[in-house]
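# Summary of the model geometry
Residue-level listing of the chains:
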Amino acid sequence: MTKEALLEMEGLVDEILPDSRYRITLDNGHKLIAYTAGKMKKNHIRILAGDKVSLEVSPYDLSKGRITFRHLEKRQSFTSAPYRRH
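Quantities reported herein were computed from a predicted structural model and do not represent experimental measurements.

### Observations regarding the pairing of strand β5 (residues 64-71)
Examined bridge by bridge, strand β3 (residues 31-36) and β5 share 4 bridges and lie parallel to one another. Bridging across to β5, Tyr35 finds its partner in Arg66. Pairing of strand β4 (residues 52-57) with β5, which is carried by 6 bridges, proceeds in the antiparallel orientation. When the bridges of β5 are listed, Ser54 appears paired with Phe69. Hairpin remark: β4 followed by β5, antiparallel, with 6 residues in the connecting loop.

Written as structure tokens, this is what we have:
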């Protein structure tokens, strides 16, 4: 199977399970179990309940997926910090 055959979807993390697995609800309402991709583990990207994530799903087994990206809702701006360095 090639990379092009994977389905890319977005969903919301409902629950954190053992062994770095997560229960995800997709935008269309389908629920599945997903694990983090290797690059996310390597870079220590944390995924919390309530996060919006992108994932890849195999067309052969729609009950499992791989999380490839964590979307951040609000990014902190460090330019408006209350303390400035002199």
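### Points about the sheet that holds β3
Either a parallel or an antiparallel arrangement is found when strands of a sheet pair, and the pairing is made through backbone hydrogen bonds. With respect to topology, 5 strands assemble into a closed barrel ordered β1-β2-β3-β5-β4, the strand pairing being mixed. Across this sheet, the average inter-strand angle for adjacent strands is 50°, counted without regard to direction. Strand direction decides the pairing type here: strand β2 (residues 21-26) and β3, joined by 5 bridges, are antiparallel. Considered in β3, the bridge of Arg21 is made with Tyr35.

Parameters and conventions
Residues numbered from 1 in each chain as written. Predicted model: local features only at pLDDT ≥ 70, side-chain atom pairs only at ≥ 80, totals over all residues. Heavy atoms only, no water. Pairing = 2+ DSSP bridges. Helix = DSSP H or I, 4+ residues; strand = E, 2+ residues; numbered from the N terminus. Axes fitted to C-alpha atoms, helices over the stretch in contact; angles between N-to-C directions.

Treat this as a map of the structure, not an account of what it does.
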